[in-house]
Amino acid sequence: MDGTRRLQYRWAGALLLAQGVLMEGLVFVGLVVLLALGIPETVIVERADVFALPYLQENLYLMMAMSGIFAALRVLGAIGLLRNRLWGLGLSLINCIVTLVLMIFLLPAGLADGVLSGTALVLMLFAKLGRDSDGQAKLLA
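Note that this is a predicted model, so its numbers are computed, not measured. (Residues numbered from 1 in each chain as written. Predicted model: local features only at pLDDT ≥ 70, side-chain atom pairs only at ≥ 80, totals over all residues. Heavy atoms only, no water.)

## Thoughts on helix H5 (residues 86-102)
Here is step 1: For H5, which comprises 17 residues, the first-to-last C-alpha distance of 24 Å matches the rise-based estimate of 24 Å (1.5 Å per residue) to within 8%.
Here is step 2: For H5, the complete set of buried residues consists of Gly 88, Leu 89, Ser 92, Asn 95, Cys 96 and Thr 99. For H5, the angular spread of buried residues about the axis comes to 130 degrees, placing them on one side. For H5, the exposed residues set more than 90 degrees away from the buried face come down to Leu 86, Ile 94 and Val 101.
Here is step 3: On its buried face, H5 is in contact with helix H1 (3-37), helix H4 (60-82) and helix H6 (109-129). (Helix = DSSP H or I, 4+ residues; strand = E, 2+ residues; numbered from the N terminus. Expected span 1.5 Å × (residues − 1). Buried < 20%, exposed > 50% of the residue type's maximum accessible area, 1.4 Å probe, protein only. Arc of directions from axis to C-beta. Contact = heavy atoms within 4.5 Å.)

## A closer look at the confidence of the model for the protein
Here is step 1: A residue-level look at the protein finds 99% of positions with pLDDT of 70 or above and a mean pLDDT of 90.
Here is step 2: When pLDDT is averaged over each element of the protein, H5 comes out on top at 95 and helix H3 (residues 54-58) at the bottom at 84. (pLDDT = per-residue confidence, 0-100.)

## Quick word on the pattern of salt bridges
Here is step 1: Scanning the model with the defined rule gives one salt bridge in all.
Here is step 2: Residue Glu 24 pairs with Arg 74 through a salt bridge whose shortest N-O separation is 3.3 Å. One end of the pair, Glu 24, is in helix H1; the other, Arg 74, is in helix H4, with 50 residues separating them in the sequence. An identical accessibility class is assigned to Glu 24 and Arg 74; each is buried. (Salt bridge = Lys/Arg side-chain N within 4 Å of Asp/Glu carboxyl O.)

Structure follows, in structure tokens:
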């Protein structure tokens, strides 16, 4: 694998790792802290305006728990991508596509997710589909 492709995979993996740990993992840690302190969900929902859709806003603790699942999958995919594993590429591609599809429902926080996942997706696609082993651009036909 040439240096440019490897660098693109590394950047994509780093973006996904940062997104998984900072944006989604910390939300799950916040949920654990809130539950440990015994703070009811209604108190948080009244004071935090996180999502544009009322259903998501009313089920904030469930959304925070789902964030932990997304964090684990995103970090796992990023580690696989950084270790040059094909399964890491597949998992990361799926994570990015799902995030881009769901980001419209998760406004305004979905904007940052979309920027990070979209950038990582483009980098992974450029690395996989951009050039052949001779350095020539891959064509459709």
